[in-house]
Amino acid sequence: MDDLMLKIISLCKRRGFVFPSSEIYGGFSSCYDFGPLGVELKRNIKNLWWDEMTKKHKALVGLDASILMSPKVWQASGHLSAGFADELVECKKCHKRFKLDEIKTKKCPECNGVLTKPKKFNLMMKTFVGSVEDEAAKTYLRPETCQGIYVNFLNVLDTMRMKIPFGIAQIGKAFRNEITPGNYIFRVREFEQMEMQWFCSPKASKTPDDWFNYWKKERLKWYLNLGIKKENLRAIEIPKKERAHYAKRQVDIEYKFPFGWKEIEGVHNRGDWDLSNHSKHSKQDLSFENYIPHIIETSVGVERISLAFLCEAYQEIAGGRTKTTKAIKEKEVLLKLHKKLAPIKAAVLPLVKNKPELTKKAQEVYQLLKTNFTCQYDENGSIGKRYRRQDEIGTCFCLTIDFDTLKQNDVTIRDRDTMKQERVKIKDLVKVLTEKLDV
Ligand code: GAP
């Protein structure tokens with residue numbers, strides 16, 4: 001694996017972002033647990049997405065559908081159809097899958113990579129509902145969250161008195177029995193999706209394709225606003241033969257990972273595929289004013305973009321930034337996450353550990369801040385070492401409590417990115433940090 005990826009994986013493990021699942025039992029295939037810092041990062045990502053969707057945009061409401069659904073849903077959606085149960089081979093390099101009966105070579109026709117052995121393959125994770133494990137009790141863990149939105153289309157339309165165009169956003173777990181998971185948390189078997197379905201009219205002057213272009217732009221802007229560099233982001237129009245079975249048009253938003261350009265989000269024009277099929281299978285009329293609404297979808301995985309944000313933020317500064325310490329000859333790690341994404345907003349550091357008057361004051365400051373921001377208290381090691389520990393996890397501000405604090409009731413605030421320091425009165429800390437963090 002790429003050297004940079006190994007460093008990021010090591011940092012994530014060492015500092016409590018990501019742990020292998022069931023680690024004391026030797027781990028569990030491509031499942032990961034998010035530690036105390038990882039869960040904050042994920043929560044920040046989800047909150048930012050949720051606010052973007054439901055607060056910024058008009059006519060966009062939320063939903064939280066159950067993971068287990070009637071197996072009839074998966075019949076209607078096409079997930080249980082022959083295409084999903086065929087014998088497939090998958091390229092170990094580009095992860096494209098090919099039907100065994102359609103492939104003529106032993107190598108991947110796209111990139112010449114090595115192919116896996118053929119498998120009777122369905123991505124769906126089976127389970128049983130009720131006390132008897134028979135065919136009648138069989139259902140599936142959802143492989144995408146959006147179906148929960150489609151089957152609630154009428155409920156939302158009616159209860160919220162929505163008018164087309166409108167959208168429904170949802171965040172939730174999805175499960176896929178990937179045959180070749182990999183690249184750490186990039187491709188896993190259990191993940192969270194953030195999906196938005198925009199219902200629009202094929203007859204309106206603003207066409208589904210116009211809405212497609214609108215959402216594509218909005219989603220690209222979201223990443224740029226959260227610190228992804230323009231040169232590391234691109235939108236690829238997917239040709240017809242490579243599109244998902246439901247897509248009339250598909251753009252993959254890709255990020256330049258250390259292991260190459262890879263999809264992080266899909267923008268799909270699903271046409272009337274979903275509501276037509278659910279109408280047919282459920283025998284419910286899912287039309288609006290005598291037409292079946294078309295759907296523009298934005299769909300992204302939280303773990304996958306957590307990795308993109310971590311890759312983007314990871315920096316090593318040769319020769320060190322903290323010129324006052326012995327670290328000068330070392331490499332310093334800086335996790336330059338956007339301040340809204342950073343798991344820890346402020347660290348409270350008494351200048352020295354063995355002065356009870358300093359540690360007592362520092363604890364007071366920590367208690368004052370911790371109900372407003374995610375904070376850490378750290379008194380171990382030299383102040384330089386503690387700054388570096390905080391830089392490594394992307395903490396936005398370090399607050400040092402020194403002897404002047406006891407006289408003047410102020411602290412030093414050090415900015416992670418500029419390393420500039422300023423004195424701020426303790427009574428003003430919440431206000432000043434709120435402004436600086438824009439929270
Ligand atoms: N509802 C449409 C849909 O699910 P998709 O392209 O299959 O579309 C959308 O998935 C997004 O979900 C992907 O761009 C990716 O961010 C995330 N995703 C899909 N499979 C994943 C996996 N095995 N591990 C992590 N994230 C995954």
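Preceding block: the structure.
Everything numeric in this text was worked out from a predicted model, so none of it was measured.

1. Observations concerning the nonpolar core
No. 1: With 53 residues, the main nonpolar core has Tyr-223 and Phe-309 as its most contacted residues.
No. 2: With residues up to four places along the chain from it excluded, the contact list for Tyr-223 reads Ile-228, Leu-233, Ile-253, Ile-264, Glu-265, Val-300, Ile-305 and Phe-309.
No. 3: In this structure, Leu-358, Val-365, Val-411 and Val-432 belong to the second largest nonpolar core, which totals 22 residues.

2. Regarding the environment of Phe-34
No. 1: Within the secondary structure, Phe-34 is located in strand E2 (residues 32-34).
No. 2: In this structure the C-alpha to C-alpha distance between Phe-34 and Phe-19, which are 15 residues apart in sequence, comes to 6.2 Å.
No. 3: Other than its neighbours up to four places away in sequence, Phe-34 contacts Phe-17, Val-18, Val-39, Lys-42, Ile-185 and Glu-303.

3. Digging into unusual backbone geometry
No. 1: A cis amide bond links Ile-164 to the next residue, Pro-165, at an omega of 5°.
No. 2: Relative to the helices and strands, Pro-165 is located in the loop between helix H6 (153-159) and strand E9 (166-175).
No. 3: Phi is positive for His-95, close to 65°, though the residue is something other than glycine.
No. 4: Mapped onto the secondary structure, His-95 falls in the loop between strand E4 (87-90) and strand E5 (97-99).
No. 5: Positioned with a positive phi, Lys-283 is a non-glycine residue whose angle comes to about 60°.
No. 6: Under the relative-accessibility criterion, Lys-283 is labelled exposed at 72%.

4. Structural notes on the site of the ligand
No. 1: In the vicinity of the ligand, 22 residues are found, and the nearest of them are Glu-144, Val-188, Glu-195, Glu-263 and Glu-297.
No. 2: Between the ligand and Val-188, the relevant distance is 2.7 Å, taken from a nitrogen atom to a main-chain nitrogen or oxygen of the residue.
No. 3: Contact between the ligand and Tyr-246: an oxygen atom at 3.5 Å from a side-chain N or O atom of the residue.
No. 4: Summarising the interface, the protein chains cover 93% of the accessible area of the ligand, which totals 560 Å² for the free molecule.

5. A word on a nonpolar patch on the surface
No. 1: On the surface, a cluster of nonpolar side chains totalling about 280 Å² of accessible area is made up of Leu-351, Val-352, Phe-403 and Leu-406.
No. 2: Tracing the sequence through the fold places Val-352 in the loop between strand E17 (346-350) and helix H10 (356-370).
No. 3: For Val-352, a relative accessible area of 30% gives the class partly exposed.

Calculation criteria
Residues numbered from 1 in each chain as written. Predicted model: local features only at pLDDT ≥ 70, side-chain atom pairs only at ≥ 80, totals over all residues. Heavy atoms only, no water. Core = buried A, V, L, I, M, F, W, Y, C linked by side-chain atoms within 4.5 Å. Buried < 20%, exposed > 50% of the residue type's maximum accessible area, 1.4 Å probe, protein only. Contact = heavy atoms within 4.5 Å. Helix = DSSP H or I, 4+ residues; strand = E, 2+ residues; numbered from the N terminus. Near = heavy atom within 4 Å. Polar contact = N/O pair within 3.5 Å; in protein donor to acceptor, adjacent residues only side chain to side chain. Areas by Shrake-Rupley, 256 points an atom, 1.4 Å probe, with all protein chains shown as cover. Patch = residues over 30% accessible without salt bridge, like charges linked within 9 Å, V, L, I, M, F, W, Y side chains within 5 Å. Salt bridge = Lys/Arg side-chain N within 4 Å of Asp/Glu carboxyl O.

These figures capture arrangement, not role.
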